[in-house]
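Residue-level listing of the chains:
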Amino acid sequence: MKILVTGGAGFIGSHLCDLLISRGEEVSVIDDLSTGSLENIAHLNSHPHFQYSVDTILNADLMDRLISECDCIVHLAAAVGVKYVLENPLSSIETNILGTETALKLANKYRKKILVASTSEVYGKHMHAPLKEDDNLIYGPPSTMRWSYAASKLVDEFTAIAYHRTKKLNTVIIRCFNTIGPRQTGMYGMVVPRFIQQALRDDPITVFGDGKQTRTFTYIEDVVQAIYRLIKCEKGAGEVVNIGGTEEISIADLAQKIRDLAGSSSEIVFIPYDKAYGKDFEDMMRRVPSVEKLKSLIDFVPDTPLDDILRRTIEYFRAKAS
Ligand code: UDP
């Protein structure tokens, strides 16, 4: 099977490429390197089943050729990371909405199955757990730019569902919850690589707000395993599916845990949100997925314990720094 991975030089994309190649699949990548990096896929370059193009998914002619040549698309290319989206509000909306529209239009032209990556951000500010795929979504006002990320991804979801309903296109929407592991960069705001790098340097670990906000973290290997199974799964067309771990932890406890596991002497400091992200920022206070639907579709749920994920990720950053 030949699979086109948009955003294949990114954190999730490059791990997906590794898994696909290890399973004997052919892989084609398109990535504009806005947040991805050639370093992530350098080890695959000479593989006979691997090819990549450095270009934007808004290049419709190139996307036309790449989609015509593949059997299935995993559309991961997007503006990601709260910090990145806040710093690049317009291009983030354009990439997320126009890029996905291009991918879906061409998937429909060539009748190819397409997995569209969405995000747990789309749930907005819920406090209940677990979050189910058919829950209502709660956002703040458009003056709070954070919600543009959720809203742009929600437009992607509506578009994918509309292609399924009106054209019977095989679309599957995946909502990924805080994926972590080796190769993730802290440059765009993601908390775990930031905390680990701060801990390894014995710099202050910067908890934003009071640290009582919670997240569940998902190991990258579990995420790509779930994506692979969804590629092969006969069911799921037109569905939205959560992919996430279920071990809930507060950000303050996460800081403590990372400091302990890294054997660091970092101080843990609390930074008000307006100092971290500027004014008009709103955080999500809780985010835990229901994984019932994922399990019913692919008989697999992410279950790598958080301590193990953190240990492996700390080792990765330690080796990278030395
Ligand atoms: N966060 C933090 N310190 C940092 C980076 C992030 O306390 O240096 C917090 C952030 O405010 C949020 C949580 O960690 O409550 C997860 O942030 P991230 O940007 O990784 O993901 P998201 O907010 O999209 O879940």
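Residues numbered from 1 in each chain as written. Predicted model: local features only at pLDDT ≥ 70, side-chain atom pairs only at ≥ 80, totals over all residues. Heavy atoms only, no water.

Undergrad: How would you sum up the environment of Leu-106? Please name residues and give values.
TA: One can find Leu-106 in helix H4 (residues 89-109). With 130 residues separating them along the chain, Leu-106 and Gly-236 place their C-alpha atoms 20 Å apart. Leaving out residues up to four positions away in the same chain, Leu-106 has contacts with Ala-60, Met-63, Asp-64 and Ile-67. (Helix = DSSP H or I, 4+ residues; strand = E, 2+ residues; numbered from the N terminus. Contact = heavy atoms within 4.5 Å.)

Undergrad: Account for the packing of aromatic side chains, naming residues and giving values.
TA: On inspection of all chains with the given rule, the structure shows 8 aromatic pairs. For the pair Tyr-84 and Tyr-188, a centre-to-centre distance of 5.5 Å together with 85° between the ring planes defines the contact as edge-to-face. With a gap of 104 residues between them, Tyr-84 in helix H3 (residues 82-87) and Tyr-188 in the loop between strand E7 (179-180) and helix H6 (191-200) connect regions that are remote in the sequence. Here the two residues Tyr-84 and Tyr-188 agree in accessibility, since each one is buried. Taking the centre distance of 4.0 Å and the plane angle of 25° together, the rings of Tyr-277 and Phe-281 count as stacked. Ring pairing ties together the aromatic residues Phe-208, Tyr-273, Tyr-277 and Phe-281, which thus form one cluster. In this arrangement the basic side chain of Arg-175 is found over the ring face of Tyr-123, its NZ or CZ atom lying 4.7 Å from the centre. (Phe/Tyr/Trp six-rings, centres within 6.5 Å; stacked < 30°, edge-to-face > 60°. Buried < 20%, exposed > 50% of the residue type's maximum accessible area, 1.4 Å probe, protein only. Lys NZ or Arg CZ within 6 Å of the ring centre and 35° of its normal.)

Undergrad: So, the site of the ligand: which residues are in play, and what are the values?
TA: As a structural note, the neighbourhood of the ligand is formed by 19 residues, with Arg-194, Thr-206, Arg-215, Asp-283 and Arg-287 the closest of them. A distance of 2.8 Å separates an oxygen atom of the ligand from a polar atom in the side chain of Asn-178. One of the side-chain N or O atoms of Arg-287 is found 2.6 Å from an oxygen atom in the ligand. Breaking the shell around the ligand down by element, the ones donating at least two residues are H6, strand E8 (205-208) and helix H9 (273-277). (Near = heavy atom within 4 Å. Polar contact = N/O pair within 3.5 Å; in protein donor to acceptor, adjacent residues only side chain to side chain.)

Undergrad: An account of the packing of helix H8 (residues 251-261) against helix H11 (residues 306-321) is needed here, citing residue identities and associated values.
TA: For the pair H8 and H11, interaxial distance at closest approach is 10 Å and the crossing angle is 55°. As judged from the angle between their axes, H8 and H11 are oblique. Read as a crossing pair, H8 and H11 show a hand that is right-handed. Contacts from Leu-254, Lys-257, Ile-258 and Leu-261 in H8 reach Leu-306, Asp-307, Leu-310, Arg-311, Ile-314 and Arg-318 in H11. Taken together, the residues of the contact of H8 with H11 break down into 6 nonpolar, no polar and 4 charged. (Axes fitted to C-alpha atoms, helices over the stretch in contact; angles between N-to-C directions. Parallel < 35°, antiparallel > 145°, perpendicular 65-115°, else oblique. Left-handed = near helix turned anticlockwise from the far one by under 90°. Nonpolar A, V, L, I, M, F, W, Y, C, P; charged D, E, K, R; others polar.)

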